[in-house]
Amino acid sequence: MAENKSLKLSFDVIGGDFERAGEASAKIKKMLKMIGVPADIVRRIAIGTYEAEMNAIIHAGGGNVAAEAFSDATVITVSDQGPGIPDIEKALQEGYSTAPDHVRQMGFGAGMGLPNMVKCSDEFDIKSVVGEGTTITMRFEHISEDL
Amino acid sequence: MAPAEYFHSVRLLRDKCQGCVSCVKACPTEAIRVRNGKAEILADRCVDCGACASICPYHAFSIKTATLDGLEKYAYNIVLPAPSMYSQFPEQVPMEDIWQGLHNLGFDEIFDVSLASEYIAKEIETYVKNYTGGRKPLISSTCPSVLRLIQVKFPELIKQVVPVLAPAEAAAIYVRQKAEAKLGLASEKIGVWFISPCPSKETNIRQSVDVRQTALSGSFSLAEIYGKLLRCLGGDNTLNVVTGSSYGMGWGAYGGEISSAGLENALAVHGVDNVYEVLEQISMNKMPTLDYVECNMCERGCIGGCLTAENKFVAESNLRRRINILRSQEPVERELTMASSMTLEDFPRSAAYLKKLVARPMMHLDENIMEAMKKFERMEEVLYSLPGLNCGACGAPSCQGLAEDIVQGKAHEIDCIFKLRGSVHKLAQGMIELAKQIPISHEPQSLNAVEEDER
Ligand SMILES: Nc1ncnc2c1ncn2[C@@H]1O[C@H](COP(=O)(O)OP(=O)(O)O)[C@@H](O)[C@H]1O
Ligand code: SF4
Ligand code: SF4
Ligand SMILES: [Mg+2]
């Protein structure tokens with residue numbers, strides 16, 4: 001495709017705001033459905049974005065959730081100026097979580113967020129510096145599987 | 001691809017519509033617009049849930065169902081009453097009297113759908129317990145409106161739908177096969193009828209989303225049959241009707257599927273808005289450890305359908321009392337209870353009759369993604385310029401809905417009354433400006449005459 005047009009959406013999310021948590025992901029999901037990205041891809045994007053959005057809200061005191069949709073792919077960038085992740089290897093392991101008890105009681109903190117992001121995206125990148133923050137980039141190709 | 005036209009049992013009576021937009025806001029798929037003062041249903045979006053019919057203060061919707069003279073076309077007629085039917089009567093009215101009443105109305109044979117529900121419950125139980133690997137939770141498939149909502153708004157959830165027949169369909173397959181064998185009649189000579197609490201069943205008979213070929217001849221409105229039944233309940237009670245246990249009876253209200261399938265890590269969701277919200281959450285993977293979600297489009301389950309006669313809370317209480325009476329006579333264990341009622345030979349298994357649920361996404365702005373992206377941008381601009389009050393006066397469900405209609409060329413900015421007022425105001429201002437610029441000296445003497453008159 002010769003044209004390189006893209007659509008951007010960007011939302012700031014607030015740390016600890018569980019009431020509005022997931023709104024950014026839901027809006028991104030709606031946009032992607034409206035432009036006709038196949039439903040199974042939209043779903044993977046929504047799941048990955050939601051996990052990253054929740055991490056920014058739970059672990060980083062808030063951040064920014066951004067989507068850029070091209071005709072053939074969508075790129076999600078979730079960034080924060082939170083505490084950063086000291087051991088990324090470990091954080092990427094299934095079941096690893098430092099979520100405090102009160103967050104676990106709400107049903108979060110299963111330690112599956114980062115592993116799920118890796119699983120559902122076609123390209124995954126994480127940059128994290130302790131004391132500076134974390135940026136997650138996920139790329140999703142718009143190639144549909146059978147529903 | 002998709003059939004050009006969709007059959008709908010929910011229809012608008014234009015003459016009765018007052019254009020109040022109540023229905024526009026109630027519709028879960030944003031399938032209604034008011035244009036030129038009258039509601040219009042967008043056929044490819046409507047899932048026949050009946051939410052519009054339930055809310056319309058002017059009774060401007062009619063639901064197309066079968067009429068009793070349809071029985072004449074068949075040599076033998078079988079009717080399938082469901083728990084929603086029994087719930088319309090207080091528990092003092094014995095089931096036998098209801099069955100006899102149906103017989104008096106002209107049906108030759110009666111089969112109780114609650115028994116079929118137990119076979120379906122077993123299939124659900126087995127499927128849920130053997131499900132491994134795929135995304136969770138699984139979603140129930142016995143409400144046709146929920147299936148249609150998934151096709152249109154949540155096609156990404158199709159793989160999570162449990163592939164089982166709706167109990168009424170399974171019952172119809174069973175009784176039709178039995179009658180053919182017993183009476184030696186051709187299938188075309190046998191009428192099999194459901195008494196439906198909602199429009200979605202009739203739609204699914206005429207144009208099924210889940211079965212290859214329906215065994216049902218049609219469905220009657222529960223409210224209509226109820227009215228006729230009141231006059232002819234009871235009789236000599238010689239009918240031999242096999243019936244289900246309390247577990248099958250439970251299917252009339254929300255929670256029945258879950259309890260009869262013995263599922264503990266499960267939710268029962270009912271009501272249009274609730275179902276929509278939960279499907280949205282499942283789609284975002286917010287409930288990954290839950291096993292099963294039972295979904296009923298109507299509030300409180302089938303007893304809340306818009307074709308019922310009795311208030312849904314009264315109906316629920318009637319039904320729960322019938323369930324309690326049955327339960328007091330049953331073994332404590334669910335397994336034992338269901339085993340003693342499920343004694344039919346060769347009851348059909350769903351897999352042989354089902355077809356694949358297909359996605360029918362309706363959300364996209366254009367077939368071409370580049371075009372859709374351009375339209376999305378314009379839509380956002382338009383939306384930004386609208387007041388954001390979601391008042392519905394434009395006839396669209398929300399400002400977002402109007403913005404969408406505008407970029408699709410189906411509506412105009414001044415359909416928004418605030419935009420219209422703005423435009424009128426601008427126009428009026430313009431006229432004043434214009435009037436000021438017209439040189440007085442060009443006016444004829446009569447102007448002076450008027451001024452003199454006024455003095
Ligand atoms: N944006 C972030 N900022 C700081 N720490 C993070 C961030 N995202 C993830 N982490 C760390 O990585 C761990 C694993 O994350 P994740 O896999 O999403 O599991 P969970 O959120 O359930 O704990 C978290 O418990 C947390 O310690
Ligand atoms: S609810 Fe809908 S159909 Fe009924 S009067 Fe209002 S606009 Fe018309
Ligand atoms: S039946 Fe349901 S989906 Fe169809 S127009 Fe009415 S409210 Fe909308
Ligand atoms: Mg997480």
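Residues numbered from 1 in each chain as written. Chains lettered and ligands numbered in written order. Predicted model: local features only at pLDDT ≥ 70, side-chain atom pairs only at ≥ 80, totals over all residues. Heavy atoms only, no water.

**Considering the overall build of chain A**
Looking only at helices and strands, one finds five helices and five strands in chain A. Mapped from its N terminus to its C terminus, chain A presents α and β elements in the order β-α-α-β-β-α-α-α-β-β. Its C-alpha radius of gyration of 15 Å places chain A within 12% of the 15 Å reference for a compact globule of 147 residues. Once the C-alpha set of chain A is aligned to its principal axes, its extents read approximately 45 × 30 × 25 Å. Sorting the 147 residues of chain A into buried and exposed places 51% on the buried side. Restricting the contact set of chain A to residue pairs at least 6 apart, pairs at least 24 apart contribute 65%. When the accessible area of chain A is evaluated, it comes to approximately 7000 Å², of which 50% is carbon and sulfur surface. Side chains of chain A carry 14 positive and 22 negative charges; the gap between the two charge centres is 5 Å. (Helix = DSSP H or I, 4+ residues; strand = E, 2+ residues; numbered from the N terminus. Rg over C-alpha atoms; globule rule 2.2 N^0.38 Å. Buried < 20%, exposed > 50% of the residue type's maximum accessible area, 1.4 Å probe, protein only. Contact = heavy atoms within 4.5 Å. Areas by Shrake-Rupley, 256 points an atom, 1.4 Å probe, with all protein chains shown as cover. Lys, Arg positive; Asp, Glu negative; His and termini not counted. Charge placed at Lys NZ, Arg CZ, Asp CG, Glu CD.)

**What to know about a nonpolar patch on the surface**
All names here are of chain B. Taken together, the side chains of Leu389, Ile417 and Phe418 define a hydrophobic patch exposed on the protein surface, amounting to about 270 Å² of accessible area. Its place among the elements puts Phe418 in helix H17 (residues 417-437). Of the residues examined, Phe418 reaches a relative accessible area of 32% and is grouped as partly exposed. (Patch = residues over 30% accessible without salt bridge, like charges linked within 9 Å, V, L, I, M, F, W, Y side chains within 5 Å. Salt bridge = Lys/Arg side-chain N within 4 Å of Asp/Glu carboxyl O.)

**Section: the site of ligand 1**
Residue and element names in this part refer to chain A. Of all residues adjacent to ligand 1, which total 19 residues, the nearest are Asn55, His59, Ser97, Thr98 and Gly111. In this structure, His59 approaches ligand 1 through a side-chain N or O atom, which is 2.8 Å from an oxygen atom. When isolated, ligand 1 has an accessible area of 530 Å², and the protein chains bury 93% of it. Going through the elements one at a time, helix H2 (39-59) and helix H5 (113-120) are the ones with two or more residues in the shell around ligand 1. (Near = heavy atom within 4 Å. Polar contact = N/O pair within 3.5 Å; in protein donor to acceptor, adjacent residues only side chain to side chain.)

**Let's talk about the confidence of the model for chain B**
Residue and element names in this part refer to chain B. Averaged over every residue, the pLDDT of chain B is 91; the share at 70 or more is 95%. Low pLDDT, under 50, characterises residues 447-455; the predicted model gives this stretch one contact beyond four residues in sequence or across chains. This prediction of the complex comes with two scores: 0.88 for pTM and 0.86 for ipTM. (pLDDT = per-residue confidence, 0-100.)

**Let's talk about the interface of chain B and chain A**
Contact residues are listed per partner, giving 30 residues for chain B and 32 residues for chain A. Across the chain B/chain A interface, buried area totals approximately 2700 Å², and carbon plus sulfur atoms make up 64% of it. The largest share of the area that chain B buries against chain A comes from Met284, Met370 and Met373 of chain B, three residues that together contribute 25% of it. At the boundary of chain B with chain A, the tally comes to four salt bridges. The residue Lys29 of chain A makes a salt bridge to Glu156 of chain B at a minimum N-O spacing of 4.0 Å. Our enumeration of links across chain B and chain A arrives at nine residue pairs in polar contact (both at pLDDT 80 or more). Only helix H12 (272-283), helix H15 (369-385) and helix H16 (399-407) of chain B provide two or more residues apiece to the side of chain B that touches chain A. Here the side of chain B that touches chain A gets nine residues from one element, more than from any other, and that element is H15 of chain B. Taken together, the residues of the side of chain B that touches chain A break down into 14 nonpolar, five polar and eleven charged. (Buried area = accessible area lost by both parts, 1.4 Å probe. Nonpolar A, V, L, I, M, F, W, Y, C, P; charged D, E, K, R; others polar.)

**Considering the pairing of strand E2 (residues 62-69) of chain A**
Residues and elements named next belong to chain A. A large share of E2 lies buried, amounting to seven of its eight residues. Note that E2 and strand E3 (residues 73-80) share six bridges and pair antiparallel. Looking across to E3, one finds that Val65 is bridged to Val78. Hairpin connection, E2 to E3: the antiparallel pair is bridged by three residues. (Pairing = 2+ DSSP bridges.)

**A closer look at the confidence of the model for chain A**
With 97% of its residues at a pLDDT of at least 70, chain A reaches an overall mean of 91. The least confident element of chain A, judged by mean pLDDT, is helix H4 (residues 101-105) of chain A at 79; the most confident is E3 of chain A at 98.

**Some points on the domain arrangement of chain B**
On domain assignment, one finds that chain B holds domain 1 (3-63), domain 2 (68-135 + 160-260 + 302-352) and domain 3 (369-437). Averaged C-alpha coordinates put domain 2 of chain B and domain 3 of chain B at centres separated by 50 Å. (Domains from an automatic or database assignment.)

**Thoughts on the pairing of strand E4 (residues 123-129) of chain A**
Relative to strand E5 (residues 133-141) of chain A, E4 of chain A runs antiparallel, the two sharing seven bridges. What sits directly across from Val129 of chain A, in E5 of chain A, is Gly133 of chain A.

**Digging into the environment of Arg45 of chain B**
Residue and element names in this part refer to chain B. Mapping Arg45 onto the fold places it in the loop between strand E3 (38-41) and helix H2 (51-55). Considered as a pair, Arg45 and Pro361 are 316 residues apart in the sequence and their alpha carbons are 9.2 Å apart. Once residues lying within four places of it in the same chain are set aside, the contact partners of Arg45 are Thr29, Glu30, Ala31, Arg33, Met362 and Glu404. In this structure the side chain of Arg45 is engaged in a polar contact, spanning 3.3 Å, whose partner is the side chain of Glu404.

**Some details on the packing of aromatic side chains**
All names here are of chain B. Inspection of every chain in the model, using the stated rule, returns ten aromatic pairs over all chains. Consider the rings of Phe111 and Tyr174, whose centres lie 5.6 Å apart with planes at 50 degrees: the pair is tilted. A residue pair is termed long-range when its members are at least 10 positions apart, and Phe111 in the loop between strand E6 (109-110) and helix H5 (113-130) and Tyr174 in helix H7 (residues 167-183) qualify at 63 residues. The two residues Phe111 and Tyr174 agree in class, both being buried. Residues Phe154 and Tyr276 carry aromatic rings whose centres are separated by 5.2 Å and whose planes lie at 65 degrees to one another, so their mutual orientation is edge-to-face. Taken together, the residues Phe154 in the loop between helix H6 (144-153) and H7 and Tyr276 in helix H12 connect sequence positions 122 residues apart. (Phe/Tyr/Trp six-rings, centres within 6.5 Å; stacked < 30°, edge-to-face > 60°.)

**Some remarks on H15 of chain B**
Residues and elements named next belong to chain B. With 17 residues, H15 ought to run about 24 Å at 1.5 Å a step, and its terminal C-alpha atoms sit 24 Å apart, in line with that. For H15, the complete set of buried residues consists of Ile369, Met370, Ala372, Met373, Lys375, Phe376, Met379 and Val382. For H15, the side-chain oxygen to backbone nitrogen distance between the N-cap and Met370 is 2.7 Å, and the N-cap itself is Asn368. (Expected span 1.5 Å × (residues − 1).)

**Comments concerning the nonpolar core**
In this structure, Ile28, Leu32, Ile35 and Ile76 of chain A together with Phe376 and Leu402 of chain B are the most contacted members of the largest nonpolar core, which totals 53 residues. Counting residues per element, this core draws most heavily on H2 of chain A, which supplies nine residues. Leave out the neighbours within four places in its chain, and Ile35 of chain A touches Leu7 and Ala69 of chain A together with His364, Ile369, Ala372, Met373 and Phe376 of chain B. (Core = buried A, V, L, I, M, F, W, Y, C linked by side-chain atoms within 4.5 Å.)

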